[in-house]
Structures are given as structure tokens and as C-alpha cells.
Amino acid sequence: MTRPKLLALRVAVAVVLIAMWHVGSTVRIPAGVVSAKAVFPLDPFFFSTPLAVFERTWRDFASGVIWYHLGVTLLETVLAFVIGAVGGVLIGFWFARQHTVAAVFDPYVKAANALPRVVLAPIFALWLGLGIWSKVALGVTLVFFIVFFNVYQGVKEVSPTVLANARMLGMSERQLLRHVYWPSALTWVFSSLHTAVGFALVGAVVGEYLGSAAGLGYRIQQAEGVFDVAGVFSGMLVLAVFVILIDAGVSAIENRLLAWRPAAVAERP
Amino acid sequence: MGVVAAQVPLGTALTGSAVTLAGLRIAFPAPRRREPPFTAVDGVDLEVATGEFVAIVGPTGCGKSTLLNAAAGLLVPSAGRVAIFGEPLAGLNRRAGYLFQADALLPWRTALDNVAVGLEVAGVPTGEARARARGWLDRVGLAAFLQRYPHMLSGGQRKRVGLAQVLIRDPEILLMDEPFGPLDALTRQFMGNLLLELWGAARKAVLFVTHDLEEAIALADRVVIMGAGPAARIIGEWRVELPRPRDIAEVRLEPDFHRLYRDIWSTLRDEVAKTYARGEGPL
């Protein structure tokens with residue numbers, strides 16, 4: 001499929017969905033068809049309308065109030081991502097190279113990863129306050145494990161032949177780390193990066209939602225508190241666009257760093 | 001022409017031995033406890049003289065690759081002795097280059113960087129390493145593919161990069177594990193001639209493992225036949241005294257080649273039959 005055609009189809013999906021939403025929330029079904037009164041298929045009180053959501057979003061950007069909240073969420077996401085990814089890479093490498101350490105900590109790592117992160121949010125708020133750090137901590141607990149497991153796997157699954165060849169070519173342990181283990185782990189890190197970025201944002205927004213004074217999660221929570229459905233949807237719209245932009249950035253970095261991969265593998269599902 | 005081939009006594013000592021395997025036994029622990037370990041090879045005596053091209057032929061699963069790994073220092077033998085130029089081998093064999101059967105190139109490096117890596121890790125400046133790598137890729141006929149990643153190359157091209165990657169370090173011993181196994185017949189011929197040409201220029205000691213008897217005779221100075229495993233041992237050795245330089249395609253048409261082939265095959269056939277009888281499939 002050519003790029004313009006693909007783009008056209010993607011836009012068409014959005015147009016059809018928004019059109020259905022628009023019609024459903026603005027055109028009443030005449031009285032007597034489904035009930036005695038004329039009713040909306042999608043009641044605007046519960047579903048708002050596309051125009052109201054766009055108008056709200058536009059006003060937020062035009063007045064500039066949203067920028068501050070967007071900036072706070074972005075900062076939390078970036079911090080959570082960087083801290084979690086660096087920690088995951090370092091500890092993943094350490095565990096993969098030290099079998100004893102990995103064997104001892106294995107059950108604890110699994111237990112910690114199985115814990116639902118939402119229950120940690122109040123604890124982090126208690127420890128770190130209502131500022132950005134409690135949200136960063138929540139994001140880190142999500143990002144860390146994704147990156148950690150992928151680096152661990154990536155280092156473990158280096159082809160034994162490639163490894164033996166590198167040894168025979170005269171590489172020392174440190175050179176193996178740099179020329180074989182690291183590039184091999186990098187492919188796994190990148191395959192997890194898209195997920196990891198998403199989770200960093202989830203951590204930030206959920207943290208804000210549960211208790212904060214700024215950020216997109218805070219905005220959505222405030223809107224929900226007063227049954228402002230347009231405000232909630234507007235917050236979700238901004239979040240969605242935000243995620244797509246970040247993901248495109250990750251893809252661009254990935255394509256640069258992993259140019260050596262066969263195209264079929266490089267294409268994400 | 002007189003007798004060009006003669007069966008030589010087992011374990012003949014040669015002067016200037018590059019690789020010595022003496023009384024070698026290699027066993028692997030069983031997958032389950034309480035089972036006896038699996039013995040791949042047992043009682044193997046083999047010498048490769050400096051500058052000699054030795055081919056090992058044997059049925060599938062007879063432990064040919066295991067022998068190479070022991071000579072490379074990648075495997076520690078359970079019993080016996082490995083000596084390199086007369087010195088007992090401890091750790092990796094730093095004087096050997098190893099061309100693996102499976103793809104062993106670093107997939108994240110271009111052909112050029114793959115060939116240069118052996119020099120880079122030895123401390124040669126990047127610029128010089130690259131210049132020499134370019135020269136080697138030229139010699140194996142890949143001057144136009146410097147910037148290709150391994151997945152963009154054909155199987156034969158990858159093997160040629162592998163050959164350059166090993167030879168650029170100028171090892172004194174060359175270990176080759178069915179290097180041309182997965183290639184088509186024409187490419188194998190081309191690769192065989194390329195190998196002979198490069199080997200003729202700088203006579204390394206070569207230990208070449210193959211399951212193809214014709215290839216072994218066409219390339220080697222000496223053909224060693226291994227019996228069927230487990231606990232496989234060497235069951236025969238033949239000297240190949242066909243004149244050099246050889247052309248792989250043409251040498252096969254010589255009457256002496258056929259005589260030697262028939263002679264060796266009569267021994268090898270029984271071993272293949274044993275392997276079949278155990279249900280381990282074809283060569």
C-alpha cells in the first residue's frame with residue numbers, strides 16, 4: 001500500500017467514527033420509536049459531542065492553560081522513562097551476567113512485577129508528597145520491569161555461534177560486552193521501548209489522577225468531579241495525540257539505531 | 001604416475017606439528033541425572049603439520065565439530081591432550097581462526113566492519129583496520145558490498161565475509177566446520193577454489209570438517225575418516241597426493257581422484273550404514 005493511500009484510509013476511520021459520534025449525539029430518534037419521548041442515541045450529557053470536545057480543546061490551547069499541565073505530565077513521563085530505562089538496562093545486564101544474583105533475586109523480581117501498581121500510588125504519595133516525584137516513582141515501577149526483562153532476555157539470547165566467533169576473533173570480556181551483548185540487548189530494548197514510553201505516561205497520568213495539583217490526569221479528574229464530560233474527553237484527546245507524537249519520536253530513533261535489521265523484523269505489528 | 005594415495009598408519013607423528021590431539025575423549029553431561037554422560041569422541045589421535053591441509057570426514061553426529069571445538073579451546077576435553085605448536089592448550093586457542101558452520105557474523109555490523117572487528121579489538125587504529133578490511137573484501141570478491149549488513153548478503157557472500165574476517169587476523173591455524181555446507185554446488189566450487197588460492201598464498205595449517213568426501217579429497221593433503229558415534233574414533237587416514245595447484249572442478253575428473261574416492265568410500269559406507277541403522281538419518 002502506498003503512503004498517501006494508507007494515510008487516507010487512516011483519516012477515513014477517524015472521520016467515520018467522529019461522524020457517527022456527531023450524529024448520535026445531535027440527532028434525536030423521533031418519539032415513539034424506542035421510547036415515548038424523542039431521545040439521543042448517545043446522550044450528550046454522558047457522551048458530550050465532538051464539536052464541544054474540539055471547542056474545549058481549542059479554548060484550552062488558545063488560552064494557554066493546558067500548556068502548563070502538558071508540561072508537567074511530559075516532565076514526569078520523561079523522568080520516569082529515563083530513570084526506569086537506565087535502571088532496567090543496568091540491572092538487566094548485571095543479572096544476565098551474574099547467574100547467582102539472578103537466581104537469588106528471581107522470586108522477588110517476579111513478585112514485585114506482579115504487584116498492581118495502582119496500590120503503590122498512595123504509598124508513593126505518602127512518601128514523596130503530591131508533587132511530581134510520586135508520579136515519577138509510579139512510572140518508574142512500570143518502565144523498569146519492561147526494560148529489565150527485555151535486556152535480561154536480550155543478553156541471555158545472544159547466538160552462541162556469534163559469541164564463540166567473537167571470542168575466537170580475540171575479544172576480551174569487556175569487548176564482548178560492548179561489541180556483542182550490548183548491540184544484541186539493544187534490539188530487545190527497542191522492541192520494548194514503545195510499550196515502555198506508553199507505561200511511563202500511564203504512570204504519570206494515573207498518579208496525577210489519584211492525587212496532585214497539576215498535569216493532564218489532574219485536569220481529567222477535575223472535569224470528572226463536576227460531570228464535565230467534554231472536559232474529560234478533551235483531556236483524553238490531548239493525551240492520545242501526545243502519545244502518538246512520543247511514539248513517532250521513538251520510531252525515528254529506532255530506525256536510526258537499528259538500520260542493520262531485516263525489514264520484515266523491523267516492521268512492528 | 002605411480003601410487004598417489006596410500007593409507008597411512010593411524011596417528012603418524014609428523015615434524016612441525018601445528019595441532020596435536022592425543023588420546024582425546026570428550027563427554028557431555030546427560031540431560032537427566034542418574035544417566036551416564038554422553039561420550040561424543042573417544043581415543044582420538046590426530047596431528048596436523050604446519051602448512052598441512054587435513055580434512056575430517058564422517059557421518060552425521062560423529063563428533064567432527066566437537067574435535068574442532070576442542071582444538072579451538074572452546075571445549076575442554078574430558079581426557080587426553082590438546083597441544084598447539086607443541087604447547088599444551090590452556091583456554092582459547094589464540095593462534096587459530098575458526099570459520100563456523102552457522103552464521104557467525106555480527107548482524108549489526110556491515111561487511112566492512114565485520115571484517116575489521118578482529119583488528120579493532122586487537123588495538124589496530126580504526127582507519128588502518130578498515131583499509132585492511134577493504135583489501136580483504138576485495139580479495140574475496142566483495143569490493144562492491146562493503147556497506148551491506150549480513151542479512152542483505154547471500155549465503156555464499158556471508159561465508160566469504162566470514163573467511164575474510166578470520167583470515168585478516170592472519171592465524172597460524174585455520175579451523176573450518178563444514179563452512180560451505182549450506183551452499184549450492186556451484187558456489188561451493190567457487191568457495192573451494194577461493195580457499196585453495198588463499199591457502200596457497202600463505203600455507204596455514206588447516207583442519208577442515210566436512211561430510212562431503214569429494215570436497216575433502218579435492219581440497220586436502222590428507223583425509224581422515226571418523227567412525228559413527230557415540231564414542232566415535234578415527235578409523236582411517238589417506239594421503240592425497242594429487243598435484244597442486246588444484247582446480248576443484250577439474251581435479252574430480254582425474255582417474256586418481258576416482259581410485260582414491262572408491263577406496264575411502266568403501267570404508268566410509270560401513271560407517272554410514274551403522275548411522276542409518278541407529279535411525280539417525282542421512283549424511
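Analysis parameters
- Residues numbered from 1 in each chain as written.
- Chains lettered and ligands numbered in written order.
- Predicted model: local features only at pLDDT ≥ 70, side-chain atom pairs only at ≥ 80, totals over all residues.
- Heavy atoms only, no water.
- Axes fitted to C-alpha atoms, helices over the stretch in contact; angles between N-to-C directions.
- Helix = DSSP H or I, 4+ residues; strand = E, 2+ residues; numbered from the N terminus.
- Parallel < 35°, antiparallel > 145°, perpendicular 65-115°, else oblique.
- Left-handed = near helix turned anticlockwise from the far one by under 90°.
- Contact = heavy atoms within 4.5 Å.
- Nonpolar A, V, L, I, M, F, W, Y, C, P; charged D, E, K, R; others polar.
- Domains from an automatic or database assignment.
- Buried area = accessible area lost by both parts, 1.4 Å probe.
- Salt bridge = Lys/Arg side-chain N within 4 Å of Asp/Glu carboxyl O.
- Polar contact = N/O pair within 3.5 Å; in protein donor to acceptor, adjacent residues only side chain to side chain.
- Buried < 20%, exposed > 50% of the residue type's maximum accessible area, 1.4 Å probe, protein only.

## So, the packing of helix H2 (residues 111–120) of chain B against helix H3 (residues 126–139) of chain B
Helix packing geometry: the angle between the two helix axes and the distance between the axes.
Residue and element names in this part refer to chain B.
For step 1, the next point in the chain: Two numbers describe how H2 lies on H3: the axes approach to 8 Å, and their chain directions differ by 125 degrees. As far as their axial angle goes, H3 and H2 are oblique. Taken as a pair, H2 and H3 cross one another with a handedness that is right-handed. On the side of H2, the interface is formed by Ala111, Leu112, Asp113, Val115, Ala116, Leu119 and Glu120, while H3 contributes Thr126, Ala129, Arg130, Arg132, Ala133, Arg134, Trp136 and Leu137.
For step 2, the next point in the chain: By residue class, the composition of the contact of H2 with H3 is nine nonpolar, one polar and five charged.

## Things to note about the domain arrangement of chain B
All names here are of chain B.
For step 1, the next point in the chain: One can read the domain layout of chain B as domain 1 (5–95 + 172–277) and domain 2 (103–170).
For step 2, the next point in the chain: On a C-alpha basis, the centres of domain 1 and domain 2 stand 26 Å from each other.
For step 3, the next point in the chain: Contacts between the two partners involve twelve residues from domain 1, matched on the other side by eleven residues from domain 2.
For step 4, the next point in the chain: At the boundary of domain 1 with domain 2, total buried surface from both sides reaches about 1,000 Å², with 75% on carbon and sulfur atoms.
For step 5, the next point in the chain: Among the salt bridges present, the one from Lys204 reaches Asp170, with a minimum N-O distance of 2.3 Å.
For step 6, the next point in the chain: Where domain 1 packs against domain 2, one counts one residue pair in polar contact (both at pLDDT 80 or more).
For step 7, the next point in the chain: Sorting the residues of the side of domain 1 that touches domain 2 by element identifies strand S8 (173–177) and helix H5 (185–201) as the ones contributing at least two each.
For step 8, the next point in the chain: Of the residues in the side of domain 1 that touches domain 2, the class split is nine nonpolar, one polar and two charged.

## Some points on the domain arrangement of chain A
All names here are of chain A.
For step 1, the next point in the chain: Domain boundaries assigned for chain A yield domain 1 (1–44) and domain 2 (48–266).
For step 2, the next point in the chain: Here the C-alpha centre of domain 2 lies 34 Å away from the C-alpha centre of domain 1.
For step 3, the next point in the chain: Counting residues at the interface gives seven residues for domain 1, matched by seven residues for domain 2.
For step 4, the next point in the chain: Both faces considered, domain 1 and domain 2 share a buried interface measuring about 570 Å² in area, 77% of it formed by carbon and sulfur atoms.
For step 5, the next point in the chain: On the domain 1 side of the interface with domain 2, the three residues burying the most area are Trp21, His22 and Pro44, jointly 72% of the side's total.

## A few points about the environment of Trp238 of chain B
Residue and element names in this part refer to chain B.
For step 1, the next point in the chain: Counting through the fold element by element, Trp238 comes out in strand S11 (residues 234–240).
For step 2, the next point in the chain: Residue class for Trp238 comes out buried when judged on its relative accessible area of 1%.
For step 3, the next point in the chain: Along the sequence, Trp238 and Leu99 sit 139 residues apart, while their C-alpha atoms lie 24 Å from each other.

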